Amino acid sequence: MTIRLRSITFILLILVAIVPVTVLSITLYKQMYNFTYQSVDSRLAASASQITAELSHSNEVLTNGLRLLAEQDSVIKSIDELLYSIQLPAILGKFVADTPLVESLYLVDADGFVIESSGGNILALEQSNILHQDRASPFITEKIGTKSKIYLIDNYSLVTRSGMHHSLVHVVPIYSDNAMDHVNIMGYLIAVVPVYALTDAVSIELQDQESLAIYFKGQQLEGNLIGDDNYDVSHSSSLILSGRAYQNSVWLSIKVGQRLETLDAQVRDSMAPGMASSLIVIIVIIAVVMLFAHLVSKAFGQLYALIKDFEKGRQSEWLGESHIAIQEFADVAALLAEMKSTIGEQLHTVNKKNKELARIDKLRASYLEEVQSLNSKLEFKVEERTKDLEQSMDKLGQSHFFFQQLIQFRRILESSGGNREIAKAAIQILAECYPNGGTIIHLPASRGHRMVNDCLGVDVENFELLQSRVLEKSRRSWDRFSIEFKQQLVNVFGIRCGNGRMGWLLLNETKLTEDQNNQILLFITELSAFLENRTLNEELDFVARTDSLTGIKNRKAFDELQFSLETQLDAEVGLFIIDVNGLKQMNDQKGHEKGDQLIISVARVLGECCTGITAHFYRIGGDEFAAVLSGEQLALAEQLEERLMARQNNRVGIELDSFAGEPLVSFSVGYASTNDVDFSDLYKLADQNMYHNKQSYYSILRQTEL
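Residues numbered from 1 in each chain as written. Predicted model: local features only at pLDDT ≥ 70, side-chain atom pairs only at ≥ 80, totals over all residues. Heavy atoms only, no water.

Participant: For the overall build of the chain, give the residues involved together with the corresponding values.
Facilitator: Of regular secondary structure, the chain possesses 17 helices and 20 strands. Residues classed as buried in the chain amount to 38% of the 706 residues present. Looking at the chain alone, contacts between residues at least 24 apart form 61% of all its contacts between residues at least 6 apart. As displayed, the chain offers around 42,600 Å² of accessible surface, 54% of which is attributable to carbon and sulfur atoms. (Helix = DSSP H or I, 4+ residues; strand = E, 2+ residues; numbered from the N terminus. Buried < 20%, exposed > 50% of the residue type's maximum accessible area, 1.4 Å probe, protein only. Contact = heavy atoms within 4.5 Å. Areas by Shrake-Rupley, 256 points an atom, 1.4 Å probe, with all protein chains shown as cover.)

Participant: Requested: an account of the environment of A544, with residues and values cited.
Facilitator: Among the structural elements, A544 can be located in helix α12 (residues 514-544). The sequence separation of A544 and K556 amounts to 12 residues, and the corresponding C-alpha distance is 7.5 Å. Residues contacting A544, with those up to four places away along its chain left out, are N554 and K556.

Participant: Just give me the short version of the sheet that holds strand β13 (residues 489-498), but keep the residues and values in it.
Facilitator: Strand order in the open sheet made by the five strands is β11-β10-β14-β13-β12, with antiparallel pairing throughout. Sheet topology places β11 (452-456) and β12 (480-484) at the edges, where each strand pairs with a single neighbour. Within the sheet, the average angular offset between the axes of one strand and its neighbour, ignoring direction, is 25 degrees. The sheet contact formed by β12 and β13 spans five bridges and is antiparallel. (Pairing = 2+ DSSP bridges. Axes fitted to C-alpha atoms, helices over the stretch in contact; angles between N-to-C directions.)

Participant: Explain a nonpolar patch on the surface to me, using residue names and the numbers behind them.
Facilitator: A cluster of nonpolar side chains, I11, L15, V19 and V23, forms an exposed patch at the surface whose accessible area comes to about 330 Å². In this structure, V23 sits in helix α1 (residues 5-70). (Patch = residues over 30% accessible without salt bridge, like charges linked within 9 Å, V, L, I, M, F, W, Y side chains within 5 Å. Salt bridge = Lys/Arg side-chain N within 4 Å of Asp/Glu carboxyl O.)

Participant: Account for the packing of helix α14 (residues 583-590) against helix α15 (residues 592-610), with residues named and values stated.
Facilitator: In the contact formed by α14 and α15, the axes pass within 7 Å of each other and the chain directions differ by 145 degrees. Contact residues: L583, M586, N587 and K590 in α14; H592, K594, G595, L598 and I599 in α15.

Participant: Requested: an account of the confidence of the model for the chain, with residues and values cited.
Facilitator: Parts of the prediction with low pLDDT should not have their coordinates interpreted in detail. The share of residues in the chain with pLDDT of 70 or more is 81%, and the mean pLDDT across the chain is 80. Below a pLDDT of 50 lies the segment residues 133-139, which in the model reaches 21 contacts outside its immediate sequence neighbourhood of four places, other chains included. Counted against residues more than four places away or in other chains, residues 652-662, with its pLDDT under 50, gives 23 contacts. (pLDDT = per-residue confidence, 0-100.)

Printed below as a string of C-alpha cells:
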C-alpha cells in the first residue's frame, strides 16, 4: 500500500489543524454547558429554599392569626350570644381578606355545628374527612381536644377553583379557663387553605423557564409537572406546615425545575459570538497550513526526483536550471555522488564479513543448545527450591496468623462477660485458623456462669450423648484423646475450668500435624489459665462477701449495696434492721456454740421471710441483720414486717440439754425508708427504731417476770 505525498499532507493538515480545533471547540462547549448547568442548579436550589422560607413564614402568620382570632372576646362570646354573633361575618371576612392563603373560614360550636362562615361551602365541609356522618354532631370534637390540628383534604368542593385541587384545613379550638382550672371547649375555627394558593403566592418568585410543583408523600398536588426526563435540573425542599400548640404537622415537598432543552439554548446563545471568531481563526490556520504544506511537498518532490536520477546513473541537469534551489538538497546531491564511488568497495567487504558471520553463527547455535540444557536443569532445581520455600513460608504465615488470633483471643478473654461470649470467640477463631473442619465446645457451669454448649461448621444432634462419650473417654486422660464422631475419629482437647470442673473442645479434623497440635494445645492452655483464674477470683469474691457462719451475705456486701444505692439519683430504698434478742444470755448460759446455732436459725428465718420480696438480706454484725428493699419492693415492706412478726417466738430447732426445753427465736425489728428520711440518715433511723422495739421487748419481758 502506497500513499502519495499530497495525501499525507492533507492528513497532516487534518491532524494538525482541524482535529485540535474541533476538540477545543467540543471541550469549550462542554465547559460552557457545565458552567451553565451549575449556575442553573445553584439558582434552582436558592429558589427552592427561598420559596420554602416564604411559605413557612406565611403559614406561621396564618397560624398565629388563627390563634389570636380564637382568643378574641368578640369571637368567643358570639358563639353563645346573638348580639355578638351579628359581628361574625365582618370579623371572618376581614380575616380572610387580610390573610392571602386562606380562601374560606368557618366558626363551629362545641357540638360541631357551623355557626358562621366566610367564603366557604358548609355542605362540602360536612362531607370532608374531618366530619362524621353517623352522629348527631357532624364534627368529631373529642379527637381535637385543646390543641390545634392541620389536615390535608382531597374534597375538591372545599375550594372555589374547578378541578382536582387538594386543600389544607386548620382546626383551631376556642376555649376559656374557669376557676376550677378546667379547660372549657366552646367552639372551633376551621380555615381552608387551597394548595394552589401556595403556588399562586410564590409563582412571582419564579424566573423565566422555571417550573414549580408541590408534592405530598410522592404525589403531586399542584403546579407544573416536573420530575420527568425533560427536567434534568431540579431541586426539592421540605415544607413543614404546623404551628404553636398544634398536635400534628403536614410535610410537603416543594420542587423547582427547568427543562434541559433550555440549557442547550442558553449555551448556544452564550457561545454564538465566540464560535464566529473561532471559525475565522480556523480558516486562517487552515490557509497557513496549506501554504506551508505546498512548499514542503514541492521540496520533497524535487528530492525524490534527485534520488531516482541517482539510482539510474544520470545527471540531474534540472537542478542547475531552477530559479529557486534549496541548498540542503544540493548538498545531498553532492553527497550521493561521493557515496557512489565507495559503495562498491563496501559491498565487497560486506560479503566477506557475511561469510565470517555465518561460521560464527553455527558456533553460537551449538553454544545456545548447551546453555539451554543447563538452563533447563537449573530451572528444575530452582522450581524445587521455590516449592520448598513456599511451603516454609506458608507454615510461617499460618503460625503468624495463629499467634495473631491467639493475641486477639487474649484480648477477648480480658473483656469477656461470660461463657457464651468466650465459647463464641473460641470457635470462631479456631474456624478461621482451621477452616476445613467444624468445632464443638463445652464449658461447664460455675459460680455466676451457666453451662454452654456451642458449635460451628458441624451439626450436633444430641449434646448429652456426645458429652457421655467424651466423659467415658476422658477417664484415662483429660489433655487430649480421640472419640468416634460421625463415623470417624476426631480429636478432643480438655479445658480446665477450676474447682475440678472440666470442659472440652472437639475439632472435626481427622489428621493434625505436629505444629497444628501444638498450636491447639497452646490455645487450650491460654483458655484454661483464664478460666481457672476467673474461678479462683469468683471464689475469693464470694468468700469475701459471704458470712462464714450463716452463709448469707456479710457486712462488706451490705456496704457495697449501700454505696451503689447512694450514687443513684432519686433512689427509693427501705431498710429493715433486725437484732437477735437474748443472744448474750444464750452465750452466757448455754455456750457460744448454742449462740451460733441461734444466729444461724435467725438467718434462716430471715431468708424464708424475704423469699419472693427481696434477695438483699445480710448479717451486718454479731447478732444484727439487715434487709434492703428498693424501687417497687417498697410496696411489700408491710408484708415483710408481718412475716417477721409472725415468726416471733417460734421454736428454732436447737436442742439445749435434757432438762431445758427448746428455745424460742426472738428479734427486734426497726424499719425506715427514703420516703421519711434522706438516704444518708436511713440506717440511723432504722437502727433507732430497732432499739425502741428492743426496749419495748425487754420492758414487757421484765413485767412478765415480775
